[in-house]
Amino acid sequence: QVCVWEYCSRLPRFVACSMKPADLLSVCIKVLESYDPRKTTVDAHCDDCPHLKAKGLSEVDSKFVKQVFYGCIRHRKFLNLFVTGFLYKNPATAQRSEQTLYTVLGYLAFFRLEELTVPVFRSFVLTGSPPPILAFLQFAFGVEDLKEWVVSEWCKIYDMGYIEDQILGTIQRMLPELTQLINEISIKATGTKAVETDAESETKDKKPRTTVPEPFNITKPKPRLVPQPEPISREIKATKIPQSVYKTDLKSIEEQNQARRQQIHEAVQGQYRCEDEFNLAIANRAAELEKIREEIEAEKMKDCTFKPHINSEYRPPTEAAEVKMTAAAILREDALIRKKQEQEYEILRQYESELRDASEFYEWQATQIAADDLAEQERVEQRKVEMQLAREQAMEMVAAMKRRNRLQAQAQQEEMAMKLHQNDLEHAADLEQKRELVKEVQEERLLPRQAEEEVLRQNHQRAEELRLEKERDMERKRLEDEHEMERKKDLIRQIRALERVSVVRPKAFDPAEPPRHGLLSEMSLAELQERYALLKDEQEREREATRLANLEEKAKRQADLSQKAGNLARIRAQAKDAAQARHAALKQKKAEEAEKAKLRREECVLKAQEKILAKKKERLAEEQRLAKELKEISVRRQFSQANVDGDRRGAGDGMPREEPDKALVEQYKKDQVEKIEALHRRQNRDRQLSEKRRVQQSFGAAMEQARCDDDIVRAETRTAAKTARGFQKTSEIQLKQTMEKSQPFAAKITKDSIVSARRHRTKRDASLTRLPPERPESGVPRRPST
């Protein structure tokens with residue numbers, strides 16, 4: 001606080017010798033933005049900050065910057081809430097990149113306005129752009145806006161009395177002076193006044209005085225006594241549970257509901273019979289709808305005589321587009337060319353001194369990169385084969401897992417049935433316990449009513465005590481208010497007595513007489529004006545000399561730019577031919593590499609297919625071998641069983657057993673094997689068809705779901721983008737209209753510049769397009785390209 005008082009007391013010297021308000025405000029913003037609490041402390045930052053050690057910063061200015069920095073850090077939560085509310089209320093006018101500026105101005109407005117005074121605060125405010133500064137002042141000194149946006153949040157940090165007395169009270173006390181500042185900024189920003197003063201409002205609303213009737217002084221009637229309200233009984237009487245509840249069950253109720261639903265269904269079906277339906281003639285017509293529709297469409301198309309104009313085929317322009325180069329573009333391209341020439345010169349100088357270059361290394365590097373790419377492609381194809389094999393193994397494992405899951409599901413179903421039976425038994429026992437609990441509750445139903453009556457009696461007694469205490473407090477408050485009113489009246493009488501005292505009149509001001517305060521270099525107002533006129537003439541002469549020097553320098557730069565533009569055009573034309581040849585060679589090389597890669601890819605695919613087919617053949621041969629063994633075992637068992645039966649029959653008849661015919665046995669074996677093979681083939685074919693159908697169905701469902709999700713996401717994205725573009729466009733149009741109203745001359749200049757740029761765009765020079773630089777011409781041999 002002492003630093004701010006000292007700064008305010010030395011304001012004239014600050015204006016004459018120290019930094020300008022805009023520079024001082026910029027230093028405050030830089031110091032506040034460079035502070036990082038995670039790396040340093042407040043005091044250490046003030047001691048080490050480079051912005052506080054600038055040459056043009058005096059001791060008073062340094063103290064002021066430190067005071068502002070300390071205040072912003074101390075009231076950081078308060079100021080952050082204010083700046084956040086201001087940015088949310090004015091998104092189109094305020095810029096988020098200037099948050100630190102609003103923080104510093106908010107600190108000066110809320111905590112240091114009385115010490116700085118409005119004129120000093122005005123010098124800081126006028127450094128910013130008028131539209132956002134006007135919005136800032138209206139929000140900061142508008143009590144209604146502050147109460148609506150930030151006061152409720154401020155009261156969570158500071159005491160409510162401090163907010164109302166120190167913050168809002170200060171704003172209301174200084175509002176007349178601040179109104180003039182707001183109107184001044186409003187005139188610069190919009191051309192109109194934002195707030196009317198009291199004098200203007202009085203002259204605007206002033207009306208001729210009229211006779212105002214006053215009512216007669218009649219004795220007012222005494223108010224009638226309001227009768228006491230009749231007491232309302234709060235007793236709750238519950239009806240008894242009917243005995244029919246205990247004579248029925250859920251099963252009988254469900255049967256009754258089912259019978260009633262069936263009866264209603266039959267009644268509705270009886271109302272709408274088939275004989276009552278309408279017999280329409282259209283149902284008996286022949287199925288010639290397509291022919292009739294074509295005739296109607298042909299009849300309608302007879303009246304359509306409009307033939308749209310077909311646009312001509314697009315023809316690309318034959319002449320190159322002209323580009324007008326700016327001074328900055330010419331200098332930038334010239335610097336780039338010089339840099340490349342220096343690099344190439346250094347390469348050639350190194351080649352002359354060391355008699356070698358890096359071409360062999362680059363060739364070896366390119367060969368190794370190509371070999372690595374080829375190995376990577378082979379590895380990828382190998383990985384594809386492995387993944388295909390792994391997929392087939394995974395499918396077999398999935399089938400086995402499904403069989404195992406089926407068995408586990410059957411076991412779980414049996415266990416679930418047992419648990420459901422046990423739950424039914426527990427539910428029956430729980431229902432019996434609840435019935436007993438209901439009987440107990442019915443017996444104890446009167447106890448809560450008695451407890452409620454006791455609580456009501458205690459509440460009435462407590463309310464009577466509170467009413468008596470409130471009456472005593474009101475009486476004491478009335479006596480204190482009367483005493484305070486007497487004290488204020490006495491204070492007003494004293495102030496009026498002091499105002500009647502005479503005031504000493506000041507002497508007349510003489511502009512030719514010095515002030516004679518005993519200070520150095522004192523002068524009168526007339527002498528000051530004469531010296532100011534001499535100083536102004538000297539500054540005008542210096543300005544004219546500077547202008548002439550600038551014109552000469554400008555002419556030199558223009559000639560230099562013209563020379564550089566000619567050199568750039570020549571270099572660009574030479575580089576264009578080299579680039580075209582290089583692009584043709586590169587295109588041919590890419591085509592050859594693409595053809596080789598295609599052949600290599602096809603070879604890898606064939607190898608992968610051969611591996612997959614070999615794997616499938618091995619698995620199929622293994623399955624056939626196992627099937628054949630199973631068939632042989634089955635046939636062997638059948639014949640062994642037939643031999644045993646034949647021995648038993650021969651032993652029973654007492655006759656020797658005859659040898660079976662070998663041809664019949666072989667034929668029987670072949671028939672059995674063919675039947676079993678046909679059965680296996682049919683089962684495999686059915687299994688493959690069902691698996692293929694299941695995969696297709698699951699894939700179709702997944703694709704449909706993904707398509708729906710994608711449509712939803714795209715619709716939401718389009719809606720959000722459209723809303724954001726509309727909001728941004730509206731904000732830009734409003735800001736553009738505001739700037740055109742506030743600065744019409746600048747808007748006109750901008751429009752003229754845009755029209756001129758569009759006119760020059762059609763006359764661009766093809767010779768000034770950007771191309772690679774020309775190599776330096778010298779006798780030194782060039783480095784061979786890779």
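Residues numbered from 1 in each chain as written. Predicted model: local features only at pLDDT ≥ 70, side-chain atom pairs only at ≥ 80, totals over all residues. Heavy atoms only, no water.

Trainee: Help me understand the overall build of the chain, please; the structure alone is not making it clear to me.
Mentor: Of regular secondary structure, the chain possesses 22 helices and zero strands. Taken across its 786 residues, the chain has 17% of its residues classed as buried. Accessible surface, the chain: about 65,800 Å² in total, of which carbon and sulfur atoms supply 55%. (Helix = DSSP H or I, 4+ residues; strand = E, 2+ residues; numbered from the N terminus. Buried < 20%, exposed > 50% of the residue type's maximum accessible area, 1.4 Å probe, protein only. Areas by Shrake-Rupley, 256 points an atom, 1.4 Å probe, with all protein chains shown as cover.)

Trainee: Would you explain a negative patch on the surface in this entry?
Mentor: A cluster of acidic residues, Glu432, Glu436, Glu440, Glu443 and Glu444, forms a negative patch on the protein surface. Note that Glu443 resides in helix H18 (residues 359–443). (Patch = residues over 30% accessible without salt bridge, like charges linked within 9 Å, V, L, I, M, F, W, Y side chains within 5 Å. Salt bridge = Lys/Arg side-chain N within 4 Å of Asp/Glu carboxyl O. Lys, Arg positive; Asp, Glu negative; His and termini not counted. Charge placed at Lys NZ, Arg CZ, Asp CG, Glu CD.)

Trainee: Would you mind going over unusual backbone geometry with me for this structure?
Mentor: Only a minority of non-glycine residues have a phi that is not negative, and only a minority of peptide bonds are not trans. With phi around 70 degrees, Thr117 is a residue other than glycine that occupies positive phi space. If you trace the backbone, Thr117 turns up in helix H8 (residues 113–125).

Trainee: What exactly am I supposed to notice about the confidence of the model for the chain here?
Mentor: When pLDDT is low, close inspection of the predicted coordinates is not appropriate. With 84% of its residues at a pLDDT of 70 or more, the chain has an overall mean of 79. Predicted confidence in the chain is weakest over helix H2 (residues 11–17), with a mean pLDDT of 37, and strongest over helix H7 (residues 99–111), with 91. Per-residue pLDDT stays below 50 along residues 650–661; that stretch engages in four contacts with residues further than four places along the chain or on separate chains. Between residues 769–786, whose pLDDT stays under 50, and residues either more than four places distant or in other chains, the model counts 39 contacts. (pLDDT = per-residue confidence, 0-100. Contact = heavy atoms within 4.5 Å.)

Trainee: What am I meant to see in the nonpolar core here?
Mentor: What tends to happen in soluble globular proteins is that the nonpolar side chains get buried as a cluster. Phe110, Leu137, Leu146 and Trp154 are the most contacted members of the largest nonpolar core, which totals 67 residues. Filtering out sequence-adjacent residues up to four positions away, Leu146 remains in contact with Phe82, Phe110, Phe139, Ala140, Val151, Trp154, Leu168 and Ile171. Counting eight residues, the second-largest nonpolar core is a separate cluster that includes Ile330, Ile337, Leu561 and Leu568. (Core = buried A, V, L, I, M, F, W, Y, C linked by side-chain atoms within 4.5 Å.)

Trainee: What am I meant to see in the packing of aromatic side chains here?
Mentor: Within a pair of aromatic rings, the relevant descriptors are the distance that separates the centres and the angle that separates the planes. One pass over the structure, following the stated rule, counts 20 aromatic pairs. Measuring from centroid to centroid gives 4.0 Å for Phe78 and Trp154, while their planes differ by 15 degrees, and the two rings are stacked. Of the two residues, Phe78 is situated in helix H6 (residues 76–89) and Trp154 in helix H11 (residues 151–154); the sequence distance between them amounts to 76 residues. Summarising the burial analysis for this pair, Phe78 and Trp154 share the class buried. (Phe/Tyr/Trp six-rings, centres within 6.5 Å; stacked < 30°, edge-to-face > 60°.)

Trainee: Would you mind going over the pattern of salt bridges with me for this structure?
Mentor: Any two side chains of opposite charge can pair, on the condition that their charged atoms come close. Per the counting criterion, the structure on display carries 26 salt bridges. Salt bridges sharing common partners tie together Asp334, Arg338, Asp560 and Lys564.

Trainee: Would you explain H6 in this entry?
Mentor: For an α-helix, the turn length of 3.6 residues means that residues three or four places apart are oriented alike. For H6, spanning 14 residues, the distance from its first C-alpha to its last is 20 Å, which sits close to the expected 20 Å at 1.5 Å a residue. Residues of H6 that are buried: Phe78, Leu79, Phe82, Val83, Gly85, Phe86 and Leu87. The inward-facing, buried residues of H6 contact helix H5 (59–74), H7, helix H9 (130–140), helix H10 (143–149), H11 and helix H12 (160–173). (Expected span 1.5 Å × (residues − 1).)

Trainee: Is there a simple way to think about the packing of H7 against H9 in this case?
Mentor: Angle between the axes and distance between the axes: these two values describe a pair of packed helices. Running from N to C, H7 and H9 point in directions that differ by 40 degrees, and their axes come no closer than 12 Å. Taken together, the axis directions place H7 and H9 in an arrangement best described as oblique. The way H7 lies across H9 gives a crossing that is right-handed. Residues Tyr102, Leu105, Gly106 and Phe110 of H7 pack against Pro132, Ile133, Phe136 and Ala140 of H9. Considering only residue class, the contact of H7 with H9 consists of seven nonpolar, one polar and no charged. (Axes fitted to C-alpha atoms, helices over the stretch in contact; angles between N-to-C directions. Parallel < 35°, antiparallel > 145°, perpendicular 65-115°, else oblique. Left-handed = near helix turned anticlockwise from the far one by under 90°. Nonpolar A, V, L, I, M, F, W, Y, C, P; charged D, E, K, R; others polar.)

Trainee: What should I look at first to understand the side chain of Ser524 in this one?
Mentor: Note that Ser524 resides in the loop between helix H19 (446–499) and helix H20 (525–653). In this structure, Ser524 is in contact with Pro511, Ala512, Glu513 and Pro514, ignoring residues within four places of it in sequence.

Trainee: What should I look at first to understand a nonpolar patch on the surface in this one?
Mentor: Together, Ile241, Val245, Tyr246 and Val438 line one region of the surface with nonpolar side chains, adding up to about 340 Å² of accessible area. Looking at the secondary structure, you find Val245 in the loop between helix H14 (198–205) and helix H15 (250–271). On the basis of relative accessible area, Val245 is assigned to the partly exposed category, the value being 45%.

Trainee: I'm lost on helix H13 (residues 175–189) in this one. Help?
Mentor: With 15 residues, H13 extends 20 Å between its outermost C-alpha atoms, agreeing within 8% with the 21 Å of an ideal straight helix rising 1.5 Å per residue. When we look at burial in H13, the residues that qualify are Leu178, Thr179, Leu181, Ile182, Asn183, Ile185, Ser186 and Ala189. Positive phi appears at Gly191, one or two residues downstream of H13, with a value of about 85 degrees.

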